Amino acid sequence: MSTLTMKFGGTSVGGAQAIAQAVRLVLDHAKRWDEIAVIVSAMNSVTDALVNGARTAAHGDEQSYRSTVEDLRTRHAHVIEALIESADERTELIRITDCHLREFAAFCHSVMILGEITPRAMDTISSLGERINARIIAALLRQNGVQSEAIDATEIIVTDDAFQNAVPLMDLTRERVAARLRPLLANGVIPVITGFMGATQEGVTTTLGRGGSDYSAAIIGACLDSDEVWTWTDVDGVMTADPRIVPHAQVIPVLSYSEVSELAYFGAKVLHPRTMRPVIEHDIPLWVKNTFNPSCNGSRVVREAESIPGTIKAVTAIRGMSMVTVEGRGMLGVPGIAARTFAAVASQGASVLMIVQASSEQSICFVIPTDAVLGVVRALERELALELSRRDVERVWSHDGVVIVTAVGAGLRATPGVAARIFGALSKGDINVIAIAQGSSDCSISLVLDANDTVAAVCQIHDEVIINGR
Ligand code: ADP
Ligand code: ASP
Ligand code: MG
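Now for a look at the structure at hand. This structure is a prediction, so every number in the text was calculated from the model and none was measured. (Residues numbered from 1 in each chain as written. Chains lettered and ligands numbered in written order. Predicted model: local features only at pLDDT ≥ 70, side-chain atom pairs only at ≥ 80, totals over all residues. Heavy atoms only, no water.)

## Things to note about the packing of helix α14 (residues 418-428) against helix α15 (residues 454-467)
Applied cut-off: The axes used here are C-alpha line fits, helices contributing only the stretch in contact, and every angle between their N-to-C directions lies in the interval 0 to 180 degrees. We count a stretch as a helix when DSSP gives it H or I for four or more residues in a row; a strand needs E for two or more, and each element gets its number in order from the N terminus. Every angle not falling under 35 degrees, over 145, or within 65 to 115 is termed oblique; those three ranges are roughly parallel, roughly antiparallel and roughly perpendicular. Here is the rule for handedness: rotate from the far helix to the near one, and if that takes an anticlockwise turn smaller than a right angle the crossing is left-handed, while a clockwise turn gives right-handed. What makes two residues a contact is simply this: any of their non-hydrogen atoms within 4.5 Å. Three residue categories are used. Nonpolar comprises Ala, Val, Leu, Ile, Met, Phe, Trp, Tyr, Cys and Pro, charged comprises Asp, Glu, Lys and Arg, and polar comprises the others, including Gly.
Two elements in contact, α14 and α15, have axes separated by 9 Å at closest approach and are oriented at 125°. Put simply, α14 runs oblique to α15. Along this stretch, α14 crosses α15, giving a crossing that reads as right-handed. Residues R421, I422, A425, L426 and K428 of α14 pack against A457, Q460, I461, E464 and V465 of α15. Residue composition of the contact of α14 with α15, by class: six nonpolar, one polar and three charged.

Written out as C-alpha cells, the structure is:
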C-alpha cells in the first residue's frame, strides 16, 4: 500500500489556471499511488487580506474589511465560474463562500466594537481562506471523475491553545486522522484538507503560524504513515538562495532535515520552520516541487544528505531584527545575570533567534525581532535596576535595523577555513560584520549585519562561497 501526502501552497492554488494545474497533478499521481491526501492553502494573499481586515477593524476602520469582503467574493466567484461546470455545484460553492465571508464581516464588526483583536479571534478569521479553497478544489476533483471530500483540519489536527502558533498534540491527532481519513482513503476518496489550521481539544480554531500549511502536510503525512510528503510551491525546490534576492540561485537536489530546518528557521520562506519535526520522527522523505514546472525533480529532504566537507549549500537572510546588548564591567562577577536577562526577555514573549558573540566579553548580546525590542529593553531595565544603579551593568541598548545572514551546509561541521571564506567574500564586497553567531546546530554559521547590506551580503556569499567554492 503506497500513500502520498501532498500540499499546494498559495500561488499553486491562487487562481483558476493554477488550481486547474494543481488538480491535474493530483489526478496524475492518483494513478501511481494507492492513496493520496491533499492539503491546500488559501489563494495567495488571501490570508494577508483577512489579517489586514481584522487589524484595521480593531482600529475602528469599517471600510477596509467591507471592501475586503467584496474583493474576496469577486476573486473566488471568478475562479468558481471559470472552473466548475455544474450549475448546482457552482451555486453551492458560491453559497459557502458567501457564508464564510459573512462570518468574516461579522467577526470584524465585533472586533471593531471591541476595539481589539485577540489571537484567538485572529485564528478563526485568518483561516477562512483555506476553508473556501478546499471546497473549490474538492469540487473540481469530483468534476474530473474522482471521489473527493473537503475536510476542515479542525476535525483532525488537535493542538494546544497557543493561538497563532499552535503546537499539535500528535497522539490525539493520529487517532483523529485514523478515524476520519483512513476510511475515506480505503474507499478511494481523495480528502482535500485545509492547511494552516487546527483546533484545541475543546474545538476552538487555532493556526500553526504563518506559512503553516507545510507543517499541516508534515503532521498529516506522519499521522498517515505516508511513504512521502510533497510540498508543491512556486519555485523549483529548495534553492541555494531566495531567487527573489539572487535570480541565478540553483536548485539543491538533496538536503538533510537539519539543513532545511536551519534554512527555514533563518528565514527561507520555502518551508515553515517546524515542518521537519513530524517527518524526522518517522523518517519520511519530503520533496519540494514546482507546480508550474513539474518535470523538474525538485529537492528531496532526507535524514542524511551527502555533504562534501567545507561546502556550503545555501545562504539565507532574516530581516527586521535588533541586537540587544546588556553591557557593564561589573557583570562578570554577578551570579545568575544571564539567567535573569533571558527570563526578562521570555517574560515579553519574545523569541531569541540567537545569542551572539560580540567583541567584548563584558556583555551579553542577543538578536530578537525588532517588534519586540521596546518591551524587552524595558523589562531588562526593570529586572536589572539594582545592577544599573550600582553601575555593575552600565547600559541596556539595542542596535536596530540589523539582519541575520546564515550560511548552511552539513559540510561545515568541523571544517576549518569556511568562516574565513565567508569573511573574505564579505570584505571583498566591503561589507562590515557586526557580530558572529553560533547557529542552533552545527551545520550553519550566522552573521549579524546592517540590514542595508542584506542583498549584497547574500549575493557575495552565494557567488563567492557557494558557486565558486564547488
Ligand atoms: P507557498 O505558498 O507555496 O508555501 P511561499 O511563498 O510560502 O510558497 O514559499 C516559496 C517562496 O520562498 C519562493 O517563492 C521564494 O521566494 C521563497 N524562498 C526563500 N528562500 C528560498 C530558498 N532558499 N529556496 C527556495 N525558495 C525560497
Ligand atoms: N495561508 C496561510 C498563510 O498565508 C498558510 C500558508 O500559506 O501556508 O500564512
Ligand atoms: Mg509557504
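## Things to note about the environment of G320
By the secondary structure assignment, G320 is in strand β11 (residues 314-327). Spatially, the C-alpha atoms of G320 and D371 are 7.9 Å apart, while their sequence positions differ by 51 residues. Setting aside anything within four residues of it in sequence, one finds G320 in contact with P369, T370 and V402.

## A look at the site of ligand 1
As a reminder, the rule being used: If a single non-hydrogen atom of a residue is within 4 Å of a molecule or strand, that residue counts as near it. Two N or O atoms form a polar contact when they lie within 3.5 Å of each other; inside protein one atom must be a possible hydrogen donor and the other a possible acceptor, and for residues adjacent in sequence the pair counts only when both atoms belong to side chains. Note on areas: Shrake-Rupley, 1.4 Å probe, and residue coverage restricted to the protein chains presented here.
T233, D234, M239, D242 and R244 are the nearest of the 17 residues found near ligand 1. Note that an oxygen atom of ligand 1 is positioned 2.9 Å from one of the backbone N or O atoms of G10. D242 is positioned with one of its side-chain polar atoms (N or O) 2.9 Å from an oxygen atom of ligand 1. For ligand 1, whose unbound accessible area comes to 570 Å², protein coverage reaches 92%. Classifying every residue of the shell around ligand 1 by side-chain character gives eight nonpolar, four polar and five charged.

## Details of helix α6 (residues 128-143)
Condition: Given the number of residues in a helix, its expected span is that number minus one, multiplied by 1.5 Å.
Its 16 residues place the ends of α6 23 Å apart at the C-alpha level, agreeing with the 22 Å of an ideal helix rising 1.5 Å per residue. Downstream of α6 by one or two residues, G145 has phi in the positive range, about 90°.

## Comments concerning the sheet that holds strand β10 (residues 299-302)
Note the following rule: Two strands qualify as a pair provided DSSP detects at least 2 bridges between them.
The strand order β3-β4-β2-β1-β7-β9-β10-β8 describes an open sheet built from eight strands, whose pairing is mixed. Two strands in the sheet have a free side with no partner beyond their single neighbour: β3 (148-151) and β8 (254-256). The average angle at which neighbouring strand axes cross in this sheet is 20°, direction not considered. Relative to strand β4 (residues 190-194), strand β2 (residues 35-40) runs parallel, the two sharing three bridges. In the sheet register, V38 faces β4, and the bridge partner there is V192. Against the sheet, helix α9 (residues 257-265) touches β8 and β10, its axis set at about 80° to β8.

## Points about the pattern of salt bridges
Going by this rule: Any Lys or Arg side-chain nitrogen located within 4 Å of an Asp or Glu carboxyl oxygen qualifies as a salt bridge. Burial classes: relative accessible area under 20% of the type maximum marks a residue as buried, over 50% as exposed, and values in between as partly exposed (1.4 Å probe, protein chains only).
Within the structure shown, the criterion is met by 21 salt bridges. For D152, the salt bridge identified is with R135, shortest N-O distance 3.4 Å. You can see D152 sitting in the loop between β3 and α7 (170-186) and its partner R135 sitting in helix α6, a full 17 residues away along the chain. Like D152, the residue R135 is buried in the burial classification. We note a salt bridge from R340 to E383, for which the minimum N-O separation is 2.7 Å. Pair noted here: R340 is in helix α11 (residues 337-347) and E383 is in helix α12 (residues 373-383), with a separation of 43 residues, a long-range link. You can call R340 partly exposed: its relative accessible area is 24%. When salt bridges with common partners are traced through the structure, they connect D28, K31 and R32 into a single cluster.

## A few points about the packing of aromatic side chains
Where we set the bar: Geometry of aromatic contacts follows a simple scheme: Phe, Tyr and Trp rings, the Trp one being its six-membered ring, pair when their centres are within 6.5 Å, and the pair is stacked under 30 degrees between planes, edge-to-face over 60, tilted otherwise. The rule for a charge over a ring is simple: NZ of Lys or CZ of Arg within 6 Å of the ring centre, and within 35 degrees of the ring normal.
One pass over the full model with this rule turns up five aromatic pairs. An angle of 90° between the planes, with centres 6.1 Å apart, marks the rings of W33 and W230 as edge-to-face. Taken as a pair, W33 in the loop between α1 (16-30) and β2 and W230 in strand β7 (residues 228-233) lie far apart in primary sequence, 197 residues in all. Relative to F266, the ring of Y265 lies with its centre 4.8 Å away and its plane at 85°, an arrangement referred to as edge-to-face. A residue is classified by how much of its surface remains accessible, and Y265, at 33% relative accessible area, is partly exposed. Three or more aromatic residues joined by ring pairs form one cluster here, namely F8, W33, W230 and W232. Here K289 stacks its cationic end above the ring of W230, 4.7 Å away from the centre of that ring. Lying across the ring of W287, K289 places its NZ or CZ 4.7 Å from the centre.

## Considering α11
Our working rule: Taking the helix axis as origin, the arc is that swept by the directions to the C-beta atoms.
Among all positions in α11, only I337, T341, A344 and V345 are buried. Mapping the buried residues of α11 onto a view down its axis gives an arc of 100°, with all of them on the same face. Turned more than 90 degrees from where α11 packs its buried face, A339, A346 and S347 sit exposed. Buried positions along α11 lie against β11, β13 (363-369), α12 and α13 (385-389). Looking one or two places after α11, you find G349, whose phi comes out positive at around 70°.

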